[in-house]
Structure formats: C-alpha cells, structure tokens
Amino acid sequence: MTGDPVHKSAVASAEHRFAMVKLALGELNDPRMQADHREIIAAAKTGKPSYTADTVAAIQAEQPGRRLIWILGEDQLQDFQAWSRWEWLVKHAELAVCARPQAQSGETAQRIQAVGGVIHWITFTQDTVSSTAIRDAVHQQQPIQDWVPKTVIRYIQNENLYR
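Every residue gets a number counted from 1 within its own chain, in the order that chain's sequence is written. Predicted model: local features are reported for residues with pLDDT of at least 70 only, side-chain atom pairs are reported and counted for 80 or more only, and whole-chain, interface and lining totals are derived from all residues. Excluding hydrogens and water, the side-chain values take into account all heavy atoms of the structure.

Right, let's get into the overall build of the protein chain. Looking only at helices and strands, the protein chain has eight helices and three strands in total. Helix numbers and strand numbers start at the N terminus; a helix is a DSSP run of H or I with at least 4 residues, a strand a run of E with at least 2. For the protein chain, the succession of helices and strands along the chain, N to C, is α-α-α-β-α-α-β-α-β-α-α. A compact globule built from 163 residues would reach a C-alpha radius of gyration of about 15 Å, and the protein chain, at 17 Å, matches this within 12%. Each principal axis of the C-alpha distribution contributes one length, and for the protein chain these read about 45 × 35 × 30 Å. Throughout, exposure labels follow a simple rule: accessible area from a 1.4 Å probe, protein chains only, divided by the maximum for the residue type, with under 20% read as buried, over 50% as exposed, and the rest as partly exposed. Across the 163 residues in the protein chain, those meeting the buried criterion constitute 33%. Throughout, a contact is declared for two residues whenever any of their heavy atoms are within 4.5 Å. Nonlocal contacts in the protein chain, meaning residues at least 24 apart in sequence, comprise 62% of its contacts between residues at least 6 apart. Carbon together with sulfur atoms contributes 49% to the accessible area of the protein chain, which is approximately 10400 Å² in total. For the purpose of charge, His is not counted, nor are the chain termini; Lys and Arg are scored as positive and Asp and Glu as negative. A charge is said to be at NZ when it belongs to Lys, at CZ for Arg, at CG for Asp and at CD for Glu. Taking the 17 positively charged and 18 negatively charged side chains of the protein chain as two groups, their mean positions are separated by 4 Å. Each radius of gyration is computed over the set of C-alpha atoms, and the globule rule expresses the reference value as 2.2 Å times the number of residues to the power 0.38. Exposure was quantified through the Shrake-Rupley algorithm and a 1.4 Å probe, taking into account, for residues, occlusion by the shown protein chains and nothing else.

To continue, consider the pairing of strand 2 (residues 94-98). For strand 2, a buried count of five out of five residues is recorded, marking the element as mostly surrounded by other parts of the structure. By the alternation rule, side chains of strand 2 split into E94, A96 and C98 and L95 and V97, which are all buried. What makes two strands pair is DSSP finding at least two bridges between them. Direction of pairing for strand 1 (residues 69-73) relative to strand 2: parallel, over a ladder of five bridges. The residue bridging I71 from the neighbouring strand is A96, located in strand 2.

Along the chain, S105 turns up in the loop between strand 2 and helix 6 (106-114). Beyond its immediate chain neighbours, meaning those up to four positions away, S105 contacts E74, L77, Q78 and W121.

One key point about sheets: their strands pair by backbone hydrogen bonds, in either a parallel or an antiparallel sense. The parallel open sheet is built from three strands, whose spatial order is 1-2-3. Of all strands in the sheet, those with a lone pairing partner are strand 1 and strand 3 (119-122), marking the two edges. Sheet twist, expressed as the mean angle between neighbouring strand axes with direction ignored, is 25 degrees. Helix axes are fitted only over the stretch in contact, all axes being lines through C-alpha atoms; the angle between N-to-C directions runs from 0 to 180 degrees.

On to the pattern of salt bridges. Salt bridges are counted wherever a side-chain nitrogen of Lys or Arg sits within 4 Å of a carboxyl oxygen of Asp or Glu. Scanning all chains against the criterion turns up six salt bridges. Across the pair R38 and E62 runs a salt bridge whose closest N-O atoms are separated by 2.8 Å. In this pair, R38 sits in helix 2 (residues 38-46) while E62 sits in helix 3 (residues 52-62), placing the two residues 24 residues apart along the sequence. Note on R38: relative accessible area 22%, which makes it partly exposed. Here E62 falls in the partly exposed class, since its relative accessible area comes to 49%.

What follows concerns helix 6. For an α-helix the count is 3.6 residues per turn, leaving residues at separations of three or four pointing the same way. Buried within helix 6 we find T108, A109 and I112. The buried residues of helix 6 all sit within an arc of 100 degrees when viewed along its axis, so they share a single face. Opposite its buried face, helix 6 presents the exposed residues E107, Q110 and A114, each directed more than 90 degrees away. Turning to helix 6, the residues buried within the fold contact helix 4 (74-78), helix 5 (86-92), strand 2 and strand 3. Note that the arc is defined by the directions from the helix axis to the C-beta atoms.

Here it is in structure tokens:
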C-alpha cells in the first residue's frame, strides 16, 4: 500500500485508503494477503514519495527467504519501467498482475521477463467499474453495494469520503 502514489494522484488520504484495503482484505479472510503500511509511514516521516523496491527490501530483511508476490493491476504494469529500481524489484518479488480491459502491457511484460522477472497473470470475470466510477457514484449518492464490500461502504459513509 503506497503512501503517496508517484504515478497517479490520490483522492483519499493514504490512511483512508489503507483502512479500506484492510477492511476489504478482512472480508476475504485469506491470511496470505496482507496490507502493509510501511510506505505510508515512510512518506509521512520524510515527506517524500515511497517506493515499492524499498518496501520489498525491508520485508526481505525482516523475513529472509520468504517468497514475495506483489499484486498490481495491468494498468500499473504498463508503466512499470518508470518505477524506481524496477529491474531490481522483479528479481526480488514475483508479480501477480490482474488483467485489465484495454491494457497494452505486452511489451513491458516481455522486458520484465527478459531480465528474469516472473509474472503470474490473474484472470477473472472483469468488472467494468473503475475506482473513479465508484467515487463518482458515492458523490452522487448512488448505490455501490454491487462493487464494494459492506465494511468499506460503512467506512466511506462514516468518514464522509468522496462527497
């Protein structure tokens, strides 16, 4: 979970985004998936962007030899070569990429694999809804229960987000 995304602007604060991810993961009840707040803390302390490579290095220092799989959307994979130390990153963590409609990431995927990176493609029934559409629906006071876990909806309402 990033503190301040370098590649796009955030609408909700890092703390709110982290809380919503934790709630959503809680509903999944899968102990293999964890939200990590160290990037948020680092960004708050330094006032500078945090980088995934730093997070992976810190996790490896704490848990040597542990297999790490970084989950991201295919839209993020398209710009992956702009990430800080991307070549180091793909040698130290595998990528699980959620396929996205209309994404054009084939060339980037080939480059990652060419330097030894491993990509696990996650295919599932695609939602056509985007996070922007969800925020817009909340702003317009329209229902989002088909898209968002109940605990996250309550959090959004209690914190008055996206109004």
